[in-house]
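So the chains spell out like this:
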Amino acid sequence: MSTLQSLSLTTIPPEDEALRAEVRAFLAEATKSLPAHIRARSWGGYSAELSRKLGQKGWIGVTLPREYGGGGRSAFTRYVLVEEYLACGAPVGSHWIADRQSAPLILKYGTEAQKRFYIPQVCRGEAFFCIGMSEPNSGSDLASVKTRATPNDKGFVLNGQKIWTTNAHHCRYMIALVRTSGSSEDRHKGLSQVIVDLQLPGVTVRPIEDLSGDSHFCEVFFDNVQLDADALIGAEGQGWSQVTAELAFERSGPERLFSSIVLFDQWLQYVRTPQGRTDAAVRLAGKVLTQLSPLRAMSVAIQEKLVRGQSPIVEAALVKELGTTLEQMIPAAIADDLFARDAQDVPVELLMTLKYITEASPSFSLRGGTRDILRGMIARGLGLR
């Protein structure tokens, strides 16, 4: 059976779909004062206050066991929540990484003490995590990372640098991929994952301003940072297998399809008006929707595989590659449509939203794995290389 044949059409269970109305109403009230060009940041936006409110509602960590403060519900429950967050443009970036992958990773590989310490804080919307994977001169080639955690009598001494670390300046913790033995020439060997308290001495976080004016990407420096022995997650030297399983969660969700959805919805509202409707615009709307629908179906099918405990790494890479291609096409196509019109007829808020997404969209095919790396994974999965 090929990679593509392994995906089957999946329907989100009714009991999970039933949650949409409540979530949608809550988010509409919570974000009513936010204009579209701010909501367009969505899972890149930051609001610790909203995260705490969502934690109080039980909408963070919904898939995690109740004994650790989670909701004990299906992964499809979280899928519904995520779709609604993205469709609304809710600024959920503060808890996004912790909920999506840090807490599940700790649940799967962590010690009992780690589970009981970190996971309840995540579920309450109080502990925010960032991802320490990419490094200068490494990018998506994670096997070449050089940041090193050297064992000593107290645990590990951490030295090195991470980059592209989303919201590190707002986070308390990082889960970092590091070398605990060997060298970068050893590739997958000697890699481990550690939890780093970013308030420890020797940690420096520097935000990086991007083209849009946002500063959510950061570089993080480690200078002789002393970690306790219990900072290690899972088995020493097993970091590569752990991080590749983690990336399946990062690459296949709705966030790889809906990064431009607030812009698309704003544009659709305009197209539905007498002055906004044209034959070309209607054709463009159909083009976007006919690509979005099968991609969403693939994403839901991958979610079903994750529910069954499988690790659909190649399938997730495929959704991420196709999804980000669509996300980048949307602002470019909408710009072509709008600037072929009389600018006086186009709402200013729509233009402001288009400006932000246009400036942010080059990063869509970088974050979570570059296009070239993903295409190589897909080619291997399809037996083409």
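Residues numbered from 1 in each chain as written. Predicted model: local features only at pLDDT ≥ 70, side-chain atom pairs only at ≥ 80, totals over all residues. Heavy atoms only, no water.

Enquirer: Sorry, what's going on with the overall build of the chain here?
Expert: For the chain, the helix and strand inventory stands at 13 helices and eight strands. In terms of overall dimensions, the chain is globule-like: its C-alpha atoms have a radius of gyration of 21 Å, near the 21 Å expected for 385 residues. With respect to the principal axes defined by its C-alpha atoms, the chain has extents near 70 × 50 × 45 Å. Taking as baseline every contact in the chain between residues at least 6 positions apart, the subset at least 24 positions apart corresponds to 76%. With an accessible surface of roughly 16600 Å², the chain has 53% of that area assigned to carbon and sulfur atoms. Taking the average location of the 42 positive side-chain charges in the chain and that of its 42 negative ones, the two points are 3 Å from each other. (Helix = DSSP H or I, 4+ residues; strand = E, 2+ residues; numbered from the N terminus. Rg over C-alpha atoms; globule rule 2.2 N^0.38 Å. Contact = heavy atoms within 4.5 Å. Areas by Shrake-Rupley, 256 points an atom, 1.4 Å probe, with all protein chains shown as cover. Lys, Arg positive; Asp, Glu negative; His and termini not counted. Charge placed at Lys NZ, Arg CZ, Asp CG, Glu CD.)

Enquirer: What is the right way to look at the UniProt feature "domain: Acyl-CoA dehydrogenase/oxidase N-terminal" (unreviewed entry) in the chain in this model?
Expert: Here the UniProt feature "domain: Acyl-CoA dehydrogenase/oxidase N-terminal" (unreviewed entry) sits at residues 14-126. For residues 14-126, the helix share is 64%, the strand share is 0%, and the end-to-end C-alpha distance is 30 Å. (UniProt positions renumbered as here; feature names shortened; annotations may be inferred.)

Enquirer: Looking at this model, I keep getting lost on the pairing of strand S3 (residues 155-162). Mind explaining?
Expert: Side-chain direction in a regular strand flips from residue to residue, so the side chains alternate between the two faces of the sheet. Strand direction decides the pairing type here: strand S2 (residues 148-152) and S3, joined by five bridges, are antiparallel. Opposite Thr150, over in S3, you have Val157 as the bridge partner. Between S2 and S3, which follow one another and run antiparallel, lie two residues. Pairing of S3 with strand S7 (residues 217-228) involves seven bridges; the strand directions are antiparallel. Within the sheet, the bridge partner assigned to Lys162 lies in S7 and is Val220. (Pairing = 2+ DSSP bridges.)

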